[in-house]
Amino acid sequence: MQTNLADFIRDTSDGRAAESILRKCVHCGFCTATCPTYQLLGDELDGPRGRIYLIKQVLEGHTATATTRQHLDRCLTCRNCETTCPSGVDYGHLVDIGRNVVEQQAPRPFIERLFRGALRTTLANESLFGTLHQVGTQLEPLLPKKLAELVHKPESPGIWPQPRHARHMIVLRGCVQPSLAPRINAAAARVLDTLGISLMEPREQTCCGAVEQHTNAPKAALQRMRRNVDIFCKALDDGAEAIVMTASGCGAMVRDYAHLLRDDPHYAARAQRVVEHTRDLAEVIRDEAITDVEWRGLDGHRLAFHPPCTLQHGQKLMGVVEGLLGSLGVQMTPVRDAHLCCGSAGAYSILQPELSEALRTRKLERLEAGAPEQILTANIGCLHHLQAGTAKRVRHWIEFLDDALPASA
């Protein structure tokens, strides 16, 4: 694709990145075939190719409008189009650049800015979210439907094993996961302890930055990233083997730190170090001697797995969890269109509720078609979004594995 970027962005870091990405696009349209919003709306501008054209126009000097912003807002940033694209177009980074420029040229109405700011403040602040969640569980019958979906009494986390192994790793706490599903990280700690790895959870860390990055507050996101880089690098200096991600959305974000901090002379190299040591929980367990453990009661279970977009498209870890569970004797039911988004996409389910619910309905139909006992996933956002639409139990896959640990563990 030929480009002629406007002076305001041409010689900037974002401009050079955008030009490189745009020039790879050959207009083939393969991306539209796997775009969830294009499938729902049938509008070229609500598919990757159309959004690329909109971004290109804005970067070449055409003034963005509220309509431009709307089409970019409807994008889930699921990055399915990247998996499909034969030319390797880095759509995820391009849409970030485009959204930031459009946000400046076509500011949102005050009420909308206020709502998004409140959303960022709430979701990215573990303490505040935890307090509001506790209040919400008491008031659940009185809450509007979308808010009621976010609250329920979580399972007890159980015992977190004390450090006792020569090998140790650290885990990202997350911002909403400690309140919504505190058992996930504790379950990961118990499973890894059985495999000879102590898992630690630094208390000083903050949100990974995804909430702010994807709601057009990049400067705030960068500040969170820098704080986490400081904490993670200290842990690596102290001997941590890896930085473990139990939420695939956070994993995809942390693995982008090196790119997003590439122009920061104080953090670029350290961010790269963090990325090199970041591993999804499935990668960690896959590489250990899991078949040597005497798991209890895994045979005969029929389970469906929903691979979050951030796992399969963001981190390129397709089939890892399914293969891991299958190797232990679990029967995984086939899921049609497993590559498509469930509609959660971080804050998308709140900001675009109609599209989000339509995608969830379709996803649950596919997941439940094989009559599984439970639905497993790998991301806290997907977990709670799906659970709100079904009576079938939805859990993180590590919780299922935790239940099968030997009695001695």
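Check the entry above for the structure.
What comes next concerns the included structure.

### Thoughts on unusual backbone geometry
Here is step 1: Despite not being glycine, K316 has its phi angle at roughly 60°, a positive value.
Here is step 2: Mapped onto the fold, K316 is located in the loop between helix 19 (309–314) and helix 20 (320–327).
Here is step 3: Judged by relative accessible area, which is 44%, K316 ranks as partly exposed.
Here is step 4: Backbone geometry at A345 places phi at a positive 50°, although glycine is not the residue there.
Here is step 5: Tracing the backbone through its elements, the reader meets A345 in the loop between strand 6 (331–332) and helix 21 (348–351).
Here is step 6: Residue classification places A345 among the partly exposed positions, given a relative accessible area of 30%.

### Brief notes about the pattern of salt bridges
Here is step 1: All chains considered together, the criterion is met by 34 salt bridges.
Here is step 2: The partner of D73 in a salt bridge is R116, and the shortest N-O contact between them spans 3.8 Å. Placement of the pair is D73 in helix 5 (residues 66–73) and R116 in helix 8 (residues 110–123), with a sequence separation of 43 residues.
Here is step 3: The class of D73 is buried, set by a relative accessible area of 14%.
Here is step 4: Of the charged contacts, one joins R167 and E288 as a salt bridge, the two residues approaching to 3.0 Å between their closest N and O atoms. A residue pair is termed long-range when its members are at least 10 positions apart, and R167 in strand 1 (residues 167–171) and E288 in the loop between helix 18 (281–286) and strand 5 (302–305) qualify at 121 residues.
Here is step 5: Here R167 falls in the partly exposed class, since its relative accessible area comes to 29%.

### Topic: helix 22 (residues 353–368)
Here is step 1: For helix 22, which comprises 16 residues, the first-to-last C-alpha distance of 22 Å matches the rise-based estimate of 22 Å (1.5 Å per residue) to within 8%.
Here is step 2: Restricting attention to buried positions, one finds in helix 22 the residues L355, S356, L359, R360, R362, K363, L364, R366 and L367.
Here is step 3: Those residues of helix 22 that are buried lie in contact with helix 3 (36–41), strand 5, helix 21, strand 7 (374–377) and helix 23 (380–387).

### So, the sheet that holds strand 5
Here is step 1: Sheet architecture is open: four strands sit in the order 6-5-7-8, paired in parallel fashion. The open sheet has two edge strands, strand 6 and strand 8 (394–396), and neither has a second partner.
Here is step 2: Direction of pairing for strand 7 relative to strand 8: parallel, over a ladder of three bridges. Looking at strand 8, one finds that L376 is bridged to R395.

### Examining empty space enclosed by the protein
Here is step 1: Under the defined criterion, the tally for this structure stands at five cavities of 30 Å³ or more.
Here is step 2: Roughly 130 Å³ of volume is contained in the second largest cavity.
Here is step 3: As for the second largest cavity, its lining consists of 15 residues, and the residues nearest its centre are C25, C31, I52, C85 and V89.
Here is step 4: Those elements that provide at least two residues to the lining of the second largest cavity are helix 4 (48–59) and helix 6 (80–84).
Here is step 5: A breakdown of the residues in the lining of the second largest cavity according to their chemical character gives 10 nonpolar, three polar and two charged.

Each value, and the rule that gives it
- Residues numbered from 1 in each chain as written.
- Predicted model: local features only at pLDDT ≥ 70, side-chain atom pairs only at ≥ 80, totals over all residues.
- Heavy atoms only, no water.
- Helix = DSSP H or I, 4+ residues; strand = E, 2+ residues; numbered from the N terminus.
- Buried < 20%, exposed > 50% of the residue type's maximum accessible area, 1.4 Å probe, protein only.
- Salt bridge = Lys/Arg side-chain N within 4 Å of Asp/Glu carboxyl O.
- Expected span 1.5 Å × (residues − 1).
- Contact = heavy atoms within 4.5 Å.
- Pairing = 2+ DSSP bridges.
- 1 Å grid on protein atoms, 1.4 Å probe; cavity = no way out; pocket = protein on both sides within 12 Å on 5 of 7 lines; lining within 4 Å.
- Points joined across faces, edges and corners; volume = space filled by probe spheres on them.
- Nonpolar A, V, L, I, M, F, W, Y, C, P; charged D, E, K, R; others polar.

As far as function goes, none of this settles anything; it's purely spatial.
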